[in-house]
Amino acid sequence: MQNYFNYFTEIEEHFQRRRGSLLLLSTLDWALIETWSEAGIPLEVVLRGIDEAFDKYEARQRSQPGKRLRQVNGLAWCAQAVMEAAEQQKEAAIGTAPAKGIETDAGFEAQRIADHLETAAQALDASSISLEGSLQVWAASLAAIALRLREIAAKITAPAFSPTDLPLEDLERQLTVLEEKLFASLTTHVPEEILVRFKGEAARDLAAYRSRMSAVQLRQIEQQFVHKRLLEHYKLPRLSLFYMRQA
């Protein structure tokens, strides 16, 4: 499992190096990285795709010295090259041995995971308290997710716990299910005008890249964009181990 914080920052820094100037990634770019992460595209494949996109861009610059090409202003400009690199990697991997699972010494110690889950539970508690009264059903759903996170944290830090009792892959699947419940609760209870506003933001940011992405990819990025904006708006956490920061 690639820690998401490293995955994100490595991609951001590599894109900035190839662009030749500092450009903070946008919410759209963040959502795009999220789709690559969820698709299981390895970091080195994403970086190779970015390199290939910029190599082609620079080759066009050299072949047309008098023509000023449009500046690269977003990571989404590299999306097609990254997907092509992912397809090439998938074809090359056919018949090779499967990758090893998560190692227990890869920075995913039980106490660090428990701390991550407790921090997320506290954020959910704060949101559920603020929603009490007018939105009790929504508040109850957030409180239930926080309770479940604490139950998992207590289990993995119990003296008798063994990593074989709950492999990290299974733990990540449990957290994915809880995240899906969180997003379902959000999209069910948030005011319609907020969802419409965030979808409008996604559409505007994606407009310049629609010709470079498939319909499926566009839908995935829009969904990730809206999810991220909802979490930011309501100060809610991500639960996945991909978002557990390095010590």
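Scroll up a little and you will see the structure.
This one's a predicted model, so the numbers in the text were calculated from it and none came from an experiment. (Residues numbered from 1 in each chain as written. Predicted model: local features only at pLDDT ≥ 70, side-chain atom pairs only at ≥ 80, totals over all residues. Heavy atoms only, no water.)

A few points about the side chain of serine 127
Positionally, serine 127 belongs in helix α5 (residues 110-131). Residue class for serine 127 comes out buried when judged on its relative accessible area of 8%. Within the local environment of serine 127, its side chain forms a polar contact with the backbone oxygen of tyrosine 234, the two atoms lying 3.2 Å apart. Excluding its chain neighbours within four sequence positions, the residues that come into contact with serine 127 are Leu142, Tyr234, Lys235 and Leu236. (Helix = DSSP H or I, 4+ residues; strand = E, 2+ residues; numbered from the N terminus. Buried < 20%, exposed > 50% of the residue type's maximum accessible area, 1.4 Å probe, protein only. Polar contact = N/O pair within 3.5 Å; in protein donor to acceptor, adjacent residues only side chain to side chain. Contact = heavy atoms within 4.5 Å.)

Notes on the pattern of salt bridges
Two side chains carrying opposite charge are able to pair once their charged atoms lie near each other. The tally for this structure, following the rule as stated, stands at 15 salt bridges. We note a salt bridge from glutamate 34 to arginine 238, for which the minimum N-O separation is 3.1 Å. Placement of the pair is glutamate 34 in helix α2 (residues 27-38) and arginine 238 in the segment after α9 (215-234), with a sequence separation of 204 residues. No difference in accessibility class separates glutamate 34 from arginine 238, as the two residues are buried. The residue glutamate 201 makes a salt bridge to arginine 229 at a minimum N-O spacing of 2.9 Å. (Salt bridge = Lys/Arg side-chain N within 4 Å of Asp/Glu carboxyl O.)

Points about α2
A turn of α-helix holds 3.6 residues, and therefore any two residues three or four places apart point the same way. Relative to the 16 Å expected for twelve residues at 1.5 Å per residue, α2 spans 16 Å between its end C-alpha atoms, a close match to the ideal helical length. Within α2, ten of the twelve residues are buried, which leaves the element mostly enclosed by the surrounding structure. Among the residues of α2, those classed as buried are Leu28, Asp29, Trp30, Ala31, Leu32, Ile33, Glu34, Thr35, Trp36 and Ser37. (Expected span 1.5 Å × (residues − 1).)

Overview of helix α3 (residues 43-63)
For α3, spanning 21 residues, the distance from its first C-alpha to its last is 30 Å, which sits close to the expected 30 Å at 1.5 Å a residue. Those residues of α3 not exposed but buried are Leu43, Val45, Val46, Leu47, Gly49, Ile50, Ala53, Phe54 and Tyr57.

Some details on unusual backbone geometry
The phi angle at lysine 235 is positive, at roughly 55 degrees, despite the residue not being glycine. If you trace the backbone, lysine 235 turns up in the segment after α9.

Looking at the environment of alanine 154
For alanine 154, the position within the fold is in helix α6 (residues 136-156). Sequence-wise, alanine 154 and glutamate 118 are 36 residues apart; in three dimensions their C-alpha atoms are separated by 9.7 Å.

Description of the packing of α6 against helix α7 (residues 168-189)
Between α6 and α7, the least distance of the axes is 10 Å, while the angle of their chain directions is 170 degrees. Here α6 lies roughly antiparallel to α7, going by the angle between them. Contacts between α6 and α7 involve Val137, Trp138, Ser141, Leu142, Ile145, Arg148, Leu149 and Ile152 on the former and, on the latter, Leu171, Gln174, Leu175, Leu178, Lys181, Leu182, Ser185, Leu186 and His189. Split by residue class, the contact of α6 with α7 holds eleven nonpolar, four polar and two charged. (Axes fitted to C-alpha atoms, helices over the stretch in contact; angles between N-to-C directions. Parallel < 35°, antiparallel > 145°, perpendicular 65-115°, else oblique. Nonpolar A, V, L, I, M, F, W, Y, C, P; charged D, E, K, R; others polar.)

Description of the packing of aromatic side chains
Enumeration according to the criterion identifies four aromatic pairs in this entry. Consider the rings of tyrosine 57 and tryptophan 77, whose centres lie 5.4 Å apart with planes at 90 degrees: the pair is edge-to-face. In this pair, tyrosine 57 sits in helix α3 while tryptophan 77 sits in the loop between α3 and α4 (79-93), placing the two residues 20 residues apart along the sequence. Accessibility classification places tyrosine 57 together with tryptophan 77 in one group, the buried group. Over the ring of tryptophan 30 we find lysine 228, and its NZ or CZ is 4.2 Å from the ring centre. (Phe/Tyr/Trp six-rings, centres within 6.5 Å; stacked < 30°, edge-to-face > 60°. Lys NZ or Arg CZ within 6 Å of the ring centre and 35° of its normal.)

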